[in-house]
Structures are given as C-alpha cells and as structure tokens.
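Chain residues, written in single-letter form:
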Amino acid sequence: MTTDAERLTRPRVEALDSVLGVPFQVLDDGFVRVVDYMGDDGSVVQAARVSYGAGTKRVHEDRGLINYLMRHRHTTPFEMCEIKYHVKLPIFVARQWIRHRTANVNEYSARYSILDNEFYVPAPEHLAAQATANRQGRGAALAGETARRVLDLLRRDAERAYAGYTELLNEDASGTPIDPGRPGLARELARMNLSLNFYTQWYWKTDLHNLMHFLSLRADAHAQYEIRAYAEAMLETLARWVPLAHAAFLEYRMNAAAISAKGLAVIRRLIAGEQVDQPSCGLSPREWRELMAVLQNPKSG
Ligand SMILES: Cc1cc2nc3c(=O)[nH]c(=O)nc-3n(C[C@H](O)[C@H](O)[C@H](O)COP(=O)(O)OP(=O)(O)OC[C@H]3O[C@@H](n4cnc5c(N)ncnc54)[C@H](O)[C@@H]3O)c2cc1C
C-alpha cells in the first residue's frame, strides 16, 4: 500500500438506516423492505467528478450536478449506487415485476419449501370493473352485492386451491405428514394449482439508475394499481436514501413529460396566441388528447 492512499469511509445514510429491515406494508399481506444499500448522493457526484474533474463539494453544487446529470440523461454515475429489497408480493405482480431485467433476483423456492396460505384479495375500493376506454385498465369500482360476490369467489377459490395443495403435498405447513400411510406429491408439482394471487417473496437488487427506470414505469398512473402500490413505497425509500437524486427524478422524470416535435410546434403556436385545433395540427386525435392532458397535468400524459 502506498503512503498517500486515499482514506475512504463507507457512505451511510441515517434516514435509510433508520428503516433498514423495516417492512413497508403493501396490499393486504405484502411488504417491501430495504435490506442493504451501497452509496449515496455523494457517490453519484463522486463518480461524475471522475469524468468532469474535481469540483467543489458544497451541497447546492452537488444538487446542481445531479440535476444536470438527470436532465441530460447522463446515467452511469447513478449506476454507482445499489440497493437490495426484500419483497413479498402476489405472483401476478411478480410476473410484471420480473420483466425488469436489469436487476438481480432470488425468489423463494416453492420446489424446496411449502408456500404459506396467504393470498391477495383487493380492498373493496380497488375492486373495479373492466375499463371501457382502455383495455389495460379499470373503470368504476364494483359495489354492493356484485362486489361481495366477487370477493367471496376470490376467497373461496384461493382457499379451495390451498386445501388441494395441502392434500397433494400430504404435509402441513411445518412439513409433518398428514397421512403417514401415503406419499405426498413433490412440492415442485403440488404448487401448480395455486392461483396467481398467492404471495411469493424475493430479494431484488438493482442500481439507482435502473431503480429509477423501474419506478418511472411502475409508479406511473398507467401501471396497474397493485404494482404501483409497491413502487410508491419504494419511492419513499428512494427519498430517504438519495434525497438529491430523488428530487431530480421527480422534477425531470416522474413529473415531467416527453413532447413530440409536432406537439412542441402546437405549444409554440399556442404561446404565440394562435388558435390551434387537432385536425390542422398534424397530431392524431389520441396524441392531441394526450398532449392536452399533459399540458393540464404532466403526470397524466
Ligand atoms: C404500463 C405497462 C404496460 C405493459 N404492458 C405489457 C404487455 O402488454 N405485454 C408485455 O409483454 N409487457 C408489457 N409491459 C412490460 C414492458 O414492455 C417492459 O418489459 C417492462 O416495463 C420492463 O421494461 P424495460 O425492458 O425497459 O426494463 P429492463 O428489463 O430493466 O431494461 C432496462 C433497459 O435496458 C435495456 N435492455 C435490458 N435488457 C435488454 C435486452 N435483452 N435487449 C435489449 N435491451 C435491453 C433496454 O433499453 C431497457 O429499456 C408493460 C409495462 C408497463 C409499464
């Protein structure tokens, strides 16, 4: 080791340390909790300074640099920070989540262990009808007798599936044989009749850049409520962990909007005081509606 070796200390973030391992409850039986992390806002700045040269270390200048990186999509400094979550989530949410390939995942093995008798049933206010305008969305909440029947059916089916699972396994939750006189089906096969609302668990580790990419898609209004609920809890952990990057993320990504070239031309004409209508501006009716929605509320676009 050389005598002029740089002395380094591991960054610690008190606001995140205070919730390390603490589950943030999501849905009825789910949670997300931070298990570990590496780096902080300073790590992003430090990495950027390698490319831009040494600068001052004042917080408002760090904020300016982080805002600049976010605005100009200079992404690699954000990859210097990592975070690891433990998540308990329904299988149908896990199927959407696993599409995000830029993470490391280790899931609870239902080949090896017995799944708990825990399944998701939506709260009544989230029990909505199929949307008529958007095939990927929900309409008005179901009410009264219709809602009650749906909830009953969801519970009944899941309970029946779990009873079948136990019978196939011929084991109770602790692994003790129920009927020692007959063999149980292998765990890897017995699970196949369980419904998608049963809970699974995994460790999910990613870097700050890809976490923000995930959150920009899954904390967005277009994402299904159930995965959005997880993303919103994770946004809170982001705010604790890297407050400067979180603020820049809200400013330049979550609450910002991408506008097409034709859309910008419309805005320029509106600013110049011109009357602009959809048929003459070159935008399709759908693009026009989306642009008008963005101008009223960027998050809706
Ligand atoms: C509202 C919504 C609706 C959706 N609907 C559907 C649907 O109907 N059907 C469906 O199948 N999916 C659907 N998806 C999933 C979506 O298409 C993406 O698979 C998912 O959001 C993951 O995004 P990603 O690939 O950018 O993320 P990641 O996998 O984390 O990748 C991040 C980025 O890395 C790059 N990358 C990673 N891996 C590769 C690779 N192998 N090759 C090239 N580039 C790579 C890409 O640039 C990518 O954007 C939906 C997602 C959302 C948010």
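Please read all numbers here as calculations on a predicted model, not as lab measurements.

(A) Just the pattern of salt bridges, in detail. Under the definition given, this model contains 13 salt bridges. Across the pair Asp157 and Arg160 runs a salt bridge whose closest N-O atoms are separated by 3.4 Å. A residue pair is termed a helical-turn pair when its members lie 3 or 4 positions apart in one helix, as Asp157 and Arg160 do in helix H5 (residues 144-169) at three residues. Linking Glu232 and Arg228 is a salt bridge whose minimum nitrogen-to-oxygen distance equals 3.9 Å. Of this pair, Glu232 and Arg228 both sit in helix H8 (residues 225-241), four residues apart, which is roughly one turn of that helix. Judged by relative accessible area, Arg228 falls into the partly exposed class, the value being 22%. Counted as one network, the salt bridges with shared partners bring together Glu145, Arg148 and Asp152.

(B) Region of interest: the nonpolar core. Residues Trp97, Leu208, Tyr230, Leu238 and Trp241 are the most contacted members of the largest nonpolar core, which totals 53 residues. A total of nine residues in this core trace back to one element, the largest contributor, which is H8. Setting aside residues up to four positions removed in sequence, Trp241 forms contacts with Val13, Leu16, Tyr37, Met38, Gly39, Asp40, Cys81, Glu82, Ile83, Leu208 and Leu211. Within the second largest apolar cluster, 16 residues are counted, among which are Ile114, Leu115, Tyr165 and Leu194.

(C) Representation of the packing of helix H7 (residues 208-218) against H8 in the model. It is the contact of H7 with H8, at a shortest axis distance of 9 Å, that shows an interaxial angle of 140°. Here H7 lies oblique to H8, going by the angle between them. The two elements H7 and H8 cross, and the hand of that crossing is left-handed. In contact with Leu208, Leu211, Met212, Phe214, Leu215 and Arg218 of H7, H8 contributes Ile227, Arg228, Ala231, Met234, Leu235, Leu238 and Trp241. Among the residues making up the contact of H7 with H8, the classes are represented as 11 nonpolar, no polar and two charged.

(D) Main features of helix H12 (residues 285-296). The end-to-end C-alpha distance of H12, which contains 12 residues, comes to 17 Å, matching closely the 16 Å that a straight helix rising 1.5 Å per residue would cover. Looking only at H12, the buried set comprises Trp288, Leu291 and Val294. Buried residues of H12, viewed axially, fall in a sector of 125°; they line one side. Of the exposed residues in H12, those oriented more than 90 degrees away from the buried face are Arg286, Arg289 and Gln296. Against the buried residues of H12 lie helix H10 (261-271) and helix H11 (278-281).

(E) Spotlight on the packing of aromatic side chains. This model, assessed by the stated rule, comprises 10 aromatic pairs. Judged by centre distance (6.0 Å) and plane angle (80°), the ring pair of Trp97 and Trp202 falls under edge-to-face. In this pair, Trp97 sits in helix H4 (residues 91-97) while Trp202 sits in strand S7 (residues 199-207), placing the two residues 105 residues apart along the sequence. According to the relative accessible area criterion, Trp97 is buried, its value standing at 0%. Aromatic pair Trp97 and Phe214: ring centres 4.9 Å apart, planes at 35°, arrangement tilted. Of the two residues, Trp97 sits in helix H4 while Phe214 sits in helix H7, which places them 117 residues apart along the sequence. Assigned by exposure class, Trp97 and Phe214 land together as buried. Taken together, the ring pairs in this structure connect Tyr85, Trp97, Trp202, Trp204, Phe214 and Tyr230 into an aromatic cluster.

Rules used throughout
- Residues numbered from 1 in each chain as written.
- Predicted model: local features only at pLDDT ≥ 70, side-chain atom pairs only at ≥ 80, totals over all residues.
- Heavy atoms only, no water.
- Salt bridge = Lys/Arg side-chain N within 4 Å of Asp/Glu carboxyl O.
- Helix = DSSP H or I, 4+ residues; strand = E, 2+ residues; numbered from the N terminus.
- Buried < 20%, exposed > 50% of the residue type's maximum accessible area, 1.4 Å probe, protein only.
- Core = buried A, V, L, I, M, F, W, Y, C linked by side-chain atoms within 4.5 Å.
- Contact = heavy atoms within 4.5 Å.
- Axes fitted to C-alpha atoms, helices over the stretch in contact; angles between N-to-C directions.
- Parallel < 35°, antiparallel > 145°, perpendicular 65-115°, else oblique.
- Left-handed = near helix turned anticlockwise from the far one by under 90°.
- Nonpolar A, V, L, I, M, F, W, Y, C, P; charged D, E, K, R; others polar.
- Expected span 1.5 Å × (residues − 1).
- Arc of directions from axis to C-beta.
- Phe/Tyr/Trp six-rings, centres within 6.5 Å; stacked < 30°, edge-to-face > 60°.

Fair warning: the whole summary comes from geometry, so function is off the table for now.
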